[in-house]
Amino acid sequence: MQPDQHAPVILVVDDNQEIREALSDFLALEGFDVRTAVDGAAALHDLQRNGLPDLVLLDLKMPGMDGYEFLRRRSLDALVQHLPVMVVTANSVERSIPYPVSGVFCKPVDLELLIGAIRREVARSARGPSSGAAPMRH
């Protein structure tokens, strides 16, 4: 990386501490700056306090504010509605996600597939607005 470039920032949102730490460690080893949040409310607070990351990895089922509510609130805020989000969930998505996401991965997640998707999404987002491509499901 050139000195004037920053490492892409990923916000990992998951109520499970072990999963948060494992994803954070993996992403840090892959060259990303990582922030974490325990639920959707903490993630929104992080966005207000620290600015927008390049991408959010979001669990759906969490106590407090779940991932669906985070996505709903994101859709209502013009400043964050285009923030790329990839869902990483332990449960099969029993209902379709009513908000745009960049990908859906089921736990246990294949880390090679995930890192490839993250790199593609970060690169695409750096190039400009979405082309309207459908989300990937893994």
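Above this text sits the structure in question.
Along every chain, residues carry numbers that run from 1 in the direction the sequence is written. In keeping with the model being predicted, local features are shown solely for residues with a pLDDT of at least 70 and side-chain atom pairs are shown and tallied solely at 80 or more, while totals for entire chains, interfaces and linings include all residues. Here the side-chain values reflect all heavy atoms present in the structure, with hydrogen atoms and water set aside.

### A short note on helix H3 (residues 67-76)
Note the threshold: When a residue's accessible area, from a 1.4 Å probe over protein chains only, is under 20% of the maximum for its type it is buried; when over 50% it is exposed; and in between it is partly exposed. Here a strand is any run of E in DSSP of at least two residues, a helix any run of H or I of at least four, and the numbering for each starts at the N terminus. Directions are taken from the helix axis to each C-beta atom, and the arc is the one they span. Throughout, a contact is declared for two residues whenever any of their heavy atoms are within 4.5 Å. Residues adjacent in sequence count toward polar contacts only when both atoms are side-chain atoms; beyond that, a polar contact is any pair of N or O atoms within 3.5 Å, and within protein one must be able to donate a hydrogen and the other to accept it.
Of the residues making up H3, those classed as buried are Gly-67, Tyr-68, Phe-70, Leu-71 and Arg-74. The buried residues of H3 all sit within an arc of 160° when viewed along its axis, so they share a single face. Where H3 is buried, its residues meet helix H2 (40-50), strand S3 (55-58) and strand S4 (85-89). N-cap assignment for H3: the residue whose side-chain oxygen lies 3.2 Å from the backbone N of Tyr-68 is Asp-66.

### Some points on the packing of helix H1 (residues 17-29) against helix H4 (residues 111-127)
Going by this rule: Angles here are taken between N-to-C directions and fall from 0 to 180 degrees, while the axes themselves are lines fitted to C-alpha atoms, restricted in helices to the stretch in contact. Oblique is the label for any angle not covered by the other classes, which are roughly parallel (under 35 degrees), roughly antiparallel (over 145) and roughly perpendicular (65 to 115). Two helices crossing with the near one rotated counterclockwise from the far one by less than a right angle form a left-handed crossing, whereas a clockwise rotation gives a right-handed crossing. When residues are sorted by character, Ala, Val, Leu, Ile, Met, Phe, Trp, Tyr, Cys and Pro go into the nonpolar class, Asp, Glu, Lys and Arg into the charged class, and all the rest, Gly among them, into the polar class.
Running from N to C, H1 and H4 cross one another at 60°; their axes reach a closest spacing of 12 Å. For the element pair H1 / H4, the angle class is oblique. Like other packed secondary-structure pairs, H1 and H4 cross with a definite hand, here right-handed. Listed contacts from H4 to Leu-23, Phe-26 and Leu-27 of H1 are Leu-111, Leu-114, Ile-115 and Ile-118. Classifying every residue of the contact of H1 with H4 by side-chain character gives seven nonpolar, no polar and no charged.

### Brief notes about the pairing of strand S2 (residues 33-37)
This is how the line gets drawn: Pairing between two strands requires that DSSP report at least two bridges joining them. Classification remark: right-handed applies to a crossover when, strands pointing away from the viewer, the course from the first strand over the helix to the second runs clockwise.
Two strands pair when backbone bridges link them, and strand S1 (residues 9-13) and S2 are joined in this way by five bridges, in the parallel orientation. Residue pairing across strands places Val-9 opposite Asp-33, the latter belonging to S2. Handedness of the crossover joining S1 and S2 through H1: right-handed.

### Considering the nonpolar core
In summary, soluble globular proteins display a tendency toward joint burial of nonpolar side chains. Here is the rule: Think of a nonpolar core as a cluster: buried Ala, Val, Leu, Ile, Met, Phe, Trp, Tyr and Cys residues, connected wherever their side-chain atoms sit within 4.5 Å.
Counting residues in hydrophobic clusters, the biggest one holds 21 residues, and the most contacted among them are Val-13, Val-56, Leu-58, Phe-70, Leu-71 and Ile-97. Those elements giving two or more residues to this core turn out to be S1, H2, S3, H3 and S4. Setting aside residues up to four positions removed in sequence, Ile-97 forms contacts with Leu-60, Tyr-68, Leu-71, Val-87 and Val-104.

### With respect to the pairing of S3
Residues Leu-55 and Leu-57 line one face of S3 and the alternating positions Val-56 and Leu-58 line the opposite face, and both faces are buried. Where S1 and S3 come together, four bridges link them in parallel fashion. Looking across to S3, one finds that Leu-11 is bridged to Val-56.

### Things to note about the pattern of salt bridges
Worth spelling out the cut-off: Here, a salt bridge means any Lys or Arg side-chain nitrogen found within 4 Å of an Asp or Glu carboxyl oxygen.
According to the stated counting rule, one finds eight salt bridges in the structure shown. The partner of Lys-107 in a salt bridge is Asp-59, with the nearest N and O atoms 3.6 Å apart. Remark: Asp-59 occurs in the loop between S3 and H3 and Lys-107 occurs in the loop between strand S5 (103-106) and H4; sequence separation between them is 48 residues. Of the two residues, Lys-107 and Asp-59, neither departs from the other in class, the shared state being buried. Salt-bridge contacts for Arg-124 lead to Glu-121; the nearest nitrogen and oxygen are separated by 2.4 Å. Separated by three residues within a single helix, Arg-124 and Glu-121 lie in helix H4, roughly one turn from each other. Arg-124 sits in the partly exposed class, given a relative accessible area of 23%. Several salt bridges converge on common partners, so that one network encompasses Asp-14, Asp-59 and Lys-107.

### Some thoughts on the environment of Arg-73
Relative to the elements of secondary structure, Arg-73 occurs in helix H3. Of the residues examined, Arg-73 reaches a relative accessible area of 38% and is grouped as partly exposed. Remark: the alpha-carbon pair of Arg-73 and Gly-40, spanning 33 residues in sequence, is separated by 9.4 Å.

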